[in-house]
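Below, each chain spelled out in residue letters.
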Amino acid sequence: MPEDEVPFRLAQLLLLLDAVAAQDANGATLERIGYYDFLSANPFLVVPSEGRDASLLRLAGFDPQVLAYASSSQRFTSRRERIQHDLALLVAYGCCQVRNRNGSLTYSITEAGQHLGGQFTATYATSFATAADIVVRQLRKLSDKRLREQTARWLRPDGPDGPAAALMSVLGPGPLLETSWEG
């Protein structure tokens, strides 16, 4: 998996930090970056499948019916555990800086990081940058508490907008059972 490779994750984080800088020059906390990172790689957990943003994501190569959305909560946990390590590497390379902002550590991209990220030419880099721009724009308005609550809802497998809905749209409805609840 590409996400298992450190250079791939660092490149994604640079693109994400660039999207964060476009929305907030002060950067973002580790917790927010963890949410932004995962949801930018899985934007249809956030973005409704209809509308302008959905069309932009489809043009960028994202598909709302990818079966991986059905296991998103497990992938979220493992991916989030690596963020701190990856950000520390970006700080060490001079691509990211850490500041104390009102008692919270925030991370932001440096000029060197922007320069390096600007050199990425892969189609996936353009696609991920598009998704990151959309996701950060939508989520930055949420308080930390609301972001945690909303992400928990998005990661639930049930519900009409949950990952299982995408899976069911691919597989179709299950068999109808002829069971009576009246005994």
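Residues numbered from 1 in each chain as written. Predicted model: local features only at pLDDT ≥ 70, side-chain atom pairs only at ≥ 80, totals over all residues. Heavy atoms only, no water.

Caption draft 1: Examining the overall build of the chain more closely. Helix and strand counts for the chain stand at eight helices and three strands. Mapped from its N terminus to its C terminus, the chain presents α and β elements in the order α-β-α-α-α-β-β-α-α-α-α. Taking all 183 residues of the chain together, the buried fraction comes to 38%. (Helix = DSSP H or I, 4+ residues; strand = E, 2+ residues; numbered from the N terminus. Buried < 20%, exposed > 50% of the residue type's maximum accessible area, 1.4 Å probe, protein only.)

Caption draft 2: Focus on the sheet that holds strand β3 (residues 104-109). Strand order in this open sheet of three strands is β1-β3-β2, and the pairing throughout is antiparallel. The sheet is open, and its two borders are formed by β1 (28-29) and β2 (96-101), each paired with just one other strand. Of the strand pairs in this sheet, β1 and β3 are connected by two bridges, and their pairing is antiparallel. Its bridge partner being in β3, A28 is matched across the sheet by Y107. (Pairing = 2+ DSSP bridges.)

Caption draft 3: Just a nonpolar patch on the surface, in detail. Together, V91, V98 and L105 make up an exposed nonpolar region whose accessible area comes to about 220 Å². Residue position: V98 is located in strand β2. Judged by relative accessible area, which is 36%, V98 ranks as partly exposed. (Patch = residues over 30% accessible without salt bridge, like charges linked within 9 Å, V, L, I, M, F, W, Y side chains within 5 Å. Areas by Shrake-Rupley, 256 points an atom, 1.4 Å probe, with all protein chains shown as cover. Salt bridge = Lys/Arg side-chain N within 4 Å of Asp/Glu carboxyl O.)

Caption draft 4: Structural detail: the packing of aromatic side chains. This structure, assessed with the given rule, holds two aromatic pairs. What links up through ring pairs into an aromatic cluster is the set F8, Y124 and F128. (Phe/Tyr/Trp six-rings, centres within 6.5 Å; stacked < 30°, edge-to-face > 60°.)

Caption draft 5: Focus on the environment of S49. Position of S49 relative to the elements: it lies in the loop between α2 (30-41) and α3 (52-59). Note: C-alpha distance between S49 and Q65 (16 residues apart in sequence) is 9.4 Å. Filtering out sequence-adjacent residues up to four positions away, S49 remains in contact with F44, A54, R58 and P64. (Contact = heavy atoms within 4.5 Å.)

Caption draft 6: Representation of the pattern of salt bridges. Enumeration over the complete set of coordinates arrives at six salt bridges. Put simply, R9 and D86 hold a salt bridge, and the shortest N to O gap is 2.7 Å. Here R9, found in helix α1 (residues 6-23), pairs with D86, found in helix α4 (residues 72-92); they are 77 residues apart in sequence, far enough to count as distant. One salt bridge in this structure joins D53 and R137, with 3.0 Å as the shortest N-O distance. A residue pair is termed long-range when its members are at least 10 positions apart, and D53 in helix α3 and R137 in helix α6 (residues 123-139) qualify at 84 residues. For D53, a relative accessible area of 13% puts it in the buried group. Classification of R137 by relative accessible area gives partly exposed; the value is 31%.

Caption draft 7: Representation of the nonpolar core within the structure. One finds L16, I33, L39, L87, L90 and L139 to be the most contacted residues of the largest nonpolar core, which totals 41 residues. Residue assignment for this core shows that the elements contributing at least two residues are α1, α2, α3, α4, β3, α6 and α7 (144-155). Not counting residues up to four positions away in its chain, the partners in contact with L39 are L45, V46, V135, L139, T151 and W154. (Core = buried A, V, L, I, M, F, W, Y, C linked by side-chain atoms within 4.5 Å.)

Caption draft 8: Main features of α7. Compared with an ideal rise of 1.5 Å per residue, which puts 12 residues at 16 Å, α7 spans 17 Å between its outermost C-alpha atoms and is within 8% of the ideal. By the burial criterion, the buried members of α7 are L147, Q150, T151, W154 and L155. For α7, the angular spread of the buried residues around the axis is 135°, confining them to a single face. (Expected span 1.5 Å × (residues − 1). Arc of directions from axis to C-beta.)

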